[in-house]
Amino acid sequence: MPSTFNDPSQPLYAQIAQGIAQLIDGQVFKSGKRLPSVREVAAQNTVSVSTAVQAYRWLEERNLITARPKSGYYVASRSKGPALPATSRPPKYSLQVDSQNRSEQIGLENFPGPIVSFGGTCPKDPDFFDEARVRAAVNRATREHRFSLVAYTDSSGTPALKEAVSRRALHLGCRLQPENLVITASCINAVSMCLRAVTKPGDVVALESPTHFGFLDLIESLNLRALEIPTHPKDGMSLSALQLALDTQPVKAVLSVPTLSNPLGAVMKNADKKALVQMITKHQVPLIEDVVFNDLLASDERRKAAKAYDVDGWVMVCGSFSKTLTPGVRMGWCEAGRWKDSVMRLKSVHGIQTTDVLEHALAELLTQSNYEARMRRLSGFLRERLKEARSIISECFPRGTRVSRPASGYTLWVELPETFNTMTLFKQCMAQGISFGPGALFTATDRFDHCLRLSFAGTWTDVERQALRKIGEISKGVV
């Protein structure tokens, strides 16, 4: 079964995988049928077994095939499931962000009793992470760098952690020099400092629609204006719409999550990431790129960051490992391109210092040899969870419900028929001890009232499964 090699610019495993995907799409390999073994694929394509394994992982990450222990790989079920949400259609003008009313509706009401939460994206399931490994790294760092606990630190970060981040960035296609990195208190802290470095109050920031409500909170706190750009639930921000915005609006920065955006889980094609960088470079507008979820696409060439295509320093890339390695060691990092010195000054001026001991512990965790294997395990774990959740939504939610289909990650974006109101649904669900993110949180406009974000960052037991079914049951009575 030699595969048809596609784009020669792609890695060899991706070319093989794309050829197999074409055969699956043409039903040469039918749903549920066993595929040739890894060794057979390697021999037929004259490649190593490890390359064949990568090809099958590529297909698995796109839900085209499934692995069965001690049996091999099989073509995944071709059941359609719910349709994808529609591409967003935000207004063509910027808006002042005002979330106070939404905060009052959601955060200031008291609901008694325990809550089954589908609301946040901070990972809380202990099965995601190796707690013993994290504890051992912190203990070693405390012993070996104990004197740092009684001394101030005022640097941009310890060399050990900056070098570890630099090595990890190679998996994002980025060659980042350690001396250009700034260690921050979190990824959102890194984004905040980048925004401060390139904007002033009243400036316009372009970003995806829907977008992470934390970004909207930042924009509001800095007295900036949000210009929401139409975003496809699979392919991400519309470049044609962004081009129009750059041509017609006084955009001072673009804030984007090109890989596994929150809440849609969209992933821009690498060609589009490159085009995005070329576009902002031409207009000399900085791109602030959040790569916090990129590692959840381990072994997938789409993990590549837009920063990988940056030649002239117009991309400010921000990340952390709180969603992939350990939430408790909540530190981020950024490489701010042309604004490196400005961001370093902001860290110092605002007294945002990090802890040497934790930096050394994180550096050790990042350089351990099984990091990539752990990322693949976590990514597969999340894919299966999202797949099961989509199945429950398809079964229990109102007819006409649309659901995002991310390659991995913690969230699903659910679009109910337009007559539904998810704020009303939220209040009724909270009365039953169930929470989620109403769509109104993810926009500066009055749109997405019929949408909601579901996060699966917590535990996933029969309690959560029944709670998800309950949301569907309640929603059928909410208009």
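Residues numbered from 1 in each chain as written. Predicted model: local features only at pLDDT ≥ 70, side-chain atom pairs only at ≥ 80, totals over all residues. Heavy atoms only, no water.

## A few points about the overall build of the protein
Moving on, step 1. What the protein contains, in helices and strands, is 15 helices and 16 strands.
Moving on, step 2. Computed over C-alpha atoms, the radius of gyration of the protein comes to 22 Å, within 12% of the 23 Å expected from 2.2 N^0.38 for 479 residues, which places it in the range of a compact globule.
Moving on, step 3. Principal-axis analysis of the C-alpha atoms gives the protein an extent of 60 × 55 × 50 Å.
Moving on, step 4. For the protein, the proportion of its 479 residues judged to be buried stands at 56%.
Moving on, step 5. Here the contacts in the protein between residues at least 6 apart in sequence split such that 75% fall between residues at least 24 apart.
Moving on, step 6. Counting only carbon and sulfur atoms, one obtains 50% of the accessible surface of the protein, whose full area is about 20700 Å². (Helix = DSSP H or I, 4+ residues; strand = E, 2+ residues; numbered from the N terminus. Rg over C-alpha atoms; globule rule 2.2 N^0.38 Å. Buried < 20%, exposed > 50% of the residue type's maximum accessible area, 1.4 Å probe, protein only. Contact = heavy atoms within 4.5 Å. Areas by Shrake-Rupley, 256 points an atom, 1.4 Å probe, with all protein chains shown as cover.)

## What about the sheet that holds strand 15 (residues 434–438)?
Across a sheet, strands are paired by hydrogen bonds formed along the backbone, either parallel or antiparallel in direction.
Moving on, step 1. Across the sheet, 5 strands lie side by side as 4-15-16-14-13; this open sheet has mixed pairing. The open sheet is flanked by strand 4 (116–118) and strand 13 (402–403), the only strands paired with a single partner.
Moving on, step 2. Note that strand 14 (residues 411–415) and strand 16 (residues 451–455) share 5 bridges and pair antiparallel. The partner of Leu412 across the bridge, within strand 16, is Leu454.
Moving on, step 3. Where helix 13 (residues 371–396) meets the sheet, its contacts fall on strand 13, strand 14 and strand 16, and the angle it forms with strand 14 comes to roughly 20°.
Moving on, step 4. Here helix 15 (residues 462–475) sits on the sheet in contact with strand 4, strand 15 and strand 16, set at roughly 70° to strand 4. (Pairing = 2+ DSSP bridges. Axes fitted to C-alpha atoms, helices over the stretch in contact; angles between N-to-C directions.)

## Brief notes about the pairing of strand 12 (residues 332–335)
Moving on, step 1. Here strand 12 shows a buried face lined by Gly332 and Cys334 and a second buried face lined by Trp333 and Glu335.
Moving on, step 2. Across 4 bridges, strand 5 (residues 181–184) lies against strand 12 in antiparallel orientation. Bridge pairing links Ile183 to Trp333 in strand 12.
Moving on, step 3. In the sheet, strand 11 (residues 315–320) pairs with strand 12 via 4 bridges, with the strands oriented antiparallel. Counterpart to Ser320 in the pairing with strand 12 is Gly332.

## So, unusual backbone geometry
Moving on, step 1. That bond from Ser209 to Pro210 is cis: its omega, 0°, falls within 30 degrees of zero.
Moving on, step 2. Position of Pro210 relative to the elements: it lies in the loop between strand 6 (204–209) and helix 8 (213–221).
Moving on, step 3. Despite not being glycine, Leu260 shows a phi value in the positive range, around 55°.
Moving on, step 4. Relative to the assigned elements, Leu260 resides in the loop between strand 9 (251–256) and helix 10 (270–283).
Moving on, step 5. Judged by its relative accessible area of 3%, Leu260 falls in the buried class.
Moving on, step 6. Of note in this structure, Phe448 is not a glycine but carries a positive phi near 65°.

## Looking at the pattern of salt bridges
Moving on, step 1. Within the structure shown, the criterion is met by 15 salt bridges.
Moving on, step 2. In this structure, the salt-bridge partner of Lys200 is Asp203, at a minimum N-O distance of 3.5 Å.
Moving on, step 3. Of the residues examined, Asp203 reaches a relative accessible area of 9% and is grouped as buried. (Salt bridge = Lys/Arg side-chain N within 4 Å of Asp/Glu carboxyl O.)

## Brief notes about the side chain of Asn294
Moving on, step 1. Locating Asn294 in the fold gives a position in the loop between strand 10 (287–290) and strand 11.
Moving on, step 2. At 3.4 Å, the side chain of Asn294 forms a polar contact with the side chain of Thr259. (Polar contact = N/O pair within 3.5 Å; in protein donor to acceptor, adjacent residues only side chain to side chain.)

## A word on the nonpolar core
Moving on, step 1. Core analysis: the biggest nonpolar cluster contains 66 residues, and Val191, Leu195, Leu242, Val254, Ile288 and Tyr410 have the highest contact counts within it.
Moving on, step 2. The element contributing the most residues to this core is helix 7 (residues 187–198), with 7 residues.
Moving on, step 3. Not counting chain neighbours up to four residues away, the residues in contact with Leu195 comprise Val205, Leu218, Leu222, Leu224, Leu255 and Ile288.
Moving on, step 4. Counting residues in each nonpolar core, the second largest holds 30 residues, with Met430, Leu454, Ile474 and Val478 among its members. (Core = buried A, V, L, I, M, F, W, Y, C linked by side-chain atoms within 4.5 Å.)

## What to know about the confidence of the model for the protein
Moving on, step 1. Within the protein, residue pLDDT values average 89, and 93% of them lie at 70 or more.
Moving on, step 2. Contacts from residues 101–105, a stretch scored under 50 in pLDDT, to residues over four places away or in other chains number 10 contacts. (pLDDT = per-residue confidence, 0-100.)

## Remarks on the pairing of strand 10
Moving on, step 1. Residues of strand 10 alternate between two faces, with Leu287 and Glu289 on one and Ile288 and Asp290 on the opposite face, all of them buried.
Moving on, step 2. Of the pairings in the sheet, the one linking strand 9 to strand 10 comprises 3 bridges and is parallel in character. Residue pairing in the sheet places Ser256 in a bridge with Glu289 of strand 10.
Moving on, step 3. Crossover connection from strand 9 via helix 10 to parallel strand 10: handedness right-handed.
Moving on, step 4. Two strands pair when backbone bridges link them, and strand 10 and strand 11 are joined in this way by 4 bridges, in the parallel orientation. (Right-handed = clockwise from strand over helix to strand, strands pointing away.)

## Looking at the packing of helix 5 (residues 131–144) against helix 12 (residues 356–367)
Moving on, step 1. Closest axis-to-axis distance for the helix 5/helix 12 pair is 8 Å, and the angle between their directions is 130°. Taken together, helix 5 and helix 12 sit at an angle that is classed as oblique. You can see that helix 5 and helix 12 cross each other, and the crossing is right-handed. Along the contact surface, helix 5 presents Arg133, Val134, Ala137, Val138, Arg140, Ala141 and Thr142, while helix 12 presents Val357, Leu358, His360, Ala361, Glu364 and Leu365.
Moving on, step 2. Counted by class, the contact of helix 5 with helix 12 contains 8 nonpolar, 2 polar and 3 charged residues. (Parallel < 35°, antiparallel > 145°, perpendicular 65-115°, else oblique. Left-handed = near helix turned anticlockwise from the far one by under 90°. Nonpolar A, V, L, I, M, F, W, Y, C, P; charged D, E, K, R; others polar.)

## Focus on the side chain of Asn45
Moving on, step 1. With respect to the helices and strands, the residue Asn45 is situated in helix 2 (residues 38–45).
Moving on, step 2. When its relative accessible area of 9% is taken as the criterion, Asn45 is described as buried.
Moving on, step 3. Among the polar contacts made by the side chain of Asn45, one reaches the main-chain carbonyl oxygen of Val41 at a distance of 2.9 Å.

## What about helix 3 (residues 49–61)?
For an α-helix the count is 3.6 residues per turn, leaving residues at separations of three or four pointing the same way.
Moving on, step 1. Here helix 3 contains 13 residues, and its C-alpha end-to-end distance of 18 Å stays within 8% of the 18 Å for a straight helix at 1.5 Å per residue.
Moving on, step 2. Of the positions making up helix 3, those classed as buried are Thr51, Ala52, Ala55, Tyr56, Trp58, Leu59 and Glu61.
Moving on, step 3. After helix 3 finishes, the residue Asn63 shows a positive phi value of roughly 60°. (Expected span 1.5 Å × (residues − 1).)

## Here's the deal with the packing of helix 7 against helix 8
Moving on, step 1. Where helix 7 contacts helix 8, the axes come no closer than 11 Å and their chain directions differ by 35°. For the pair helix 7 and helix 8, the sense of crossing is right-handed. On helix 8, the residues that touch Ile188, Val191, Ser192 and Leu195 of helix 7 are Gly214, Phe215 and Leu218.

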